[in-house]
Amino acid sequence: MIEAINIHKYYGNQHVLKGINFRINRSQFIAIMGRSGSGKTTLLNILSGLDWPDEGSIYVNGNRLNFTNDTKMTEYRQKKVGFIFQFFNLLDNLTLFDNVAIPLYLNKKYDTKKVLDTLVRVGLINHKDKLPAQLSGGERQRGAIARALIHNPEMIFADEPTGSLDSETGESILKLLKSLHTESKTTIVLVTHDNLVAKWAENIIHISDGVIE
Ligand SMILES: Nc1ncnc2c1ncn2[C@@H]1O[C@H](COP(=O)(O)OP(=O)(O)OP(=O)(O)O)[C@@H](O)[C@H]1O
Ligand SMILES: [Mg+2]
């Protein structure tokens, strides 16, 4: 379970998040919607421990995230969380195989078979030795999903994972996320500004100008 309590975030004198409160239950598939610039990525970065709030608390399974403790935050990100970023998903100079293997390396649980199985699951096994630049946009995004799920994280945060894809490829990616949610009970937090994408989620949180509507 993730609970956000009175989250505020400033960038310089811009007040980006203005007292955000909500709760996401374990194994929920939730969409965060809002217009460009409303604070969606900022919020997702805070929930996933990539950024910190200036005020307020995040509780994960009842434990308050301690944003000042780098070791604890790194552990949180590496063990519990999978991310699919809005942009810049894979590391350019690593093959698809090595990109997908990163979370296993970081958790010291390297396992070749697991990497291969995960690449099969996302339909990319035939591309495993390619660099990201040799993959299509949809293939890269599926590679990013493979990397996000390989260490069986409790939560996956996906920031507009289908934003730059055609509707059919986008749908295959949403199906993949949905199957993780139903089969592995992974909590999915998906950011989008597209109603059709949000329909895949069980619940929707609307954010407007840094406030939940
Ligand atoms: N690192 C930063 N430094 C300064 N301002 C920032 C930074 N990150 C975000 N902002 C500002 O905070 C506001 C919210 O940005 P954010 O990226 O959260 O929006 P978003 O809802 O994800 O938008 P989009 O749909 O375009 O991705 C924007 O006005 C943006 O310019
Ligand atoms: Mg964004």
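Going by the structure above, here's the rest.
Residues numbered from 1 in each chain as written. Chains lettered and ligands numbered in written order. Predicted model: local features only at pLDDT ≥ 70, side-chain atom pairs only at ≥ 80, totals over all residues.

Asks: Looking at this model, I keep getting lost on the overall build of the protein. Mind explaining?
Replies: Per the secondary structure count, the protein includes seven helices and ten strands. Along the first, second and third principal axes, the C-alpha set of the protein runs to 45 × 40 × 35 Å. Of the contacts made within the protein by residues no fewer than 6 positions apart, 70% connect residues no fewer than 24 positions apart. (Helix = DSSP H or I, 4+ residues; strand = E, 2+ residues; numbered from the N terminus. Contact = placed C-beta atoms within 7 Å.)

Asks: I keep staring at helix α6 (residues 167-184) and nothing clicks. Help me out?
Replies: Because each turn of an α-helix spans 3.6 residues, side chains separated by three or four positions in sequence point in the same direction. For α6, built from 18 residues, the straight-helix expectation of 26 Å at 1.5 Å per residue is met to within 8% by its first-to-last C-alpha distance of 25 Å. Inspection of α6 places G170, I173, L174, L177, L180 and H181 among the buried residues, and these make up the whole buried set. On an axial view of α6, the arc spanned by its buried residues comes to 110°, and they lie on one face. Among the exposed residues of α6, those pointing more than 90 degrees away from its buried face are E168, K175, S179, T182 and E183. Looking at the buried side of α6, the elements it contacts are β3 (29-33), α5 (137-149), β7 (155-159), β8 (187-192) and α7 (195-198). (Expected span 1.5 Å × (residues − 1). Buried ≥ 20, exposed ≤ 12 C-beta atoms within 10 Å, placed from the backbone. Arc of directions from axis to C-beta.)

Asks: Explain the pairing of strand β1 (residues 2-11) to me, please; I cannot follow it from the model alone.
Replies: The side chains of a regular strand alternate between both faces of the sheet. Two strands pair when backbone bridges link them, and β1 and strand β2 (residues 14-24) are joined in this way by eight bridges, in the antiparallel orientation. What sits directly across from Y11, in β2, is Q14. Between β1 and β2, which pair antiparallel and follow one another directly, the connecting turn spans two residues, one of which, G12, has a positive phi of 60°. Here β1 pairs with strand β4 (residues 55-60) via five bridges, running antiparallel. The residue bridging A4 from the neighbouring strand is I58, located in β4. (Pairing = 2+ DSSP bridges.)

Asks: What is the right way to look at the site of ligand 1 in this model?
Replies: The environment of ligand 1 is formed by 13 residues, the closest being Y11, S36, K40, T41 and T42. Those elements that place two or more of their residues in the shell around ligand 1 are β2 and α1 (40-47). Among the elements that make up the shell around ligand 1, the one with the highest residue count is α1 (three residues). A class-by-class count of the residues in the shell around ligand 1 yields two nonpolar, ten polar and one charged. (Near = placed C-beta within 6 Å. Nonpolar A, V, L, I, M, F, W, Y, C, P; charged D, E, K, R; others polar.)

Asks: What is the right way to look at the sheet that holds β3 in this model?
Replies: The mixed open sheet is built from six strands, whose spatial order is β6-β7-β8-β3-β9-β10. Either end of the sheet is taken by a strand with one partner, and the two such strands are β6 (81-84) and β10 (211-212). Pairing of strand β9 (residues 203-208) with β10 involves two bridges; the strand directions are antiparallel. From the neighbouring strand, S208 faces β10, where its bridge partner is V211. Across the face of the sheet, α1 comes into contact with β3, β7, β8 and β9 while running at roughly 160° to β8. (Axes fitted to C-alpha atoms, helices over the stretch in contact; angles between N-to-C directions.)

Asks: Sorry if this is basic, but what is going on with unusual backbone geometry here?
Replies: Both trends apply: most residues other than glycine have a negative phi, and most peptide bonds are in trans. If you check the backbone angles, S27 has positive phi at about 65° while not being a glycine. Inspection of the secondary structure puts S27 in the loop between β2 and β3. Unusually for a residue other than glycine, N61 sits at a positive phi of about 50°. Among the structural elements, N61 can be located in the loop between β4 and β5 (63-64).

Asks: Where do I start with the sheet that holds β5 in this structure?
Replies: To summarise the sheet geometry, strands pair through backbone hydrogen bonds and adopt either a parallel or an antiparallel arrangement. Taken in spatial order, the four strands make up an open sheet running β2-β1-β4-β5, and their pairing is antiparallel. Edge positions in the open sheet fall to β2 and β5, since each of these has one partner strand only.

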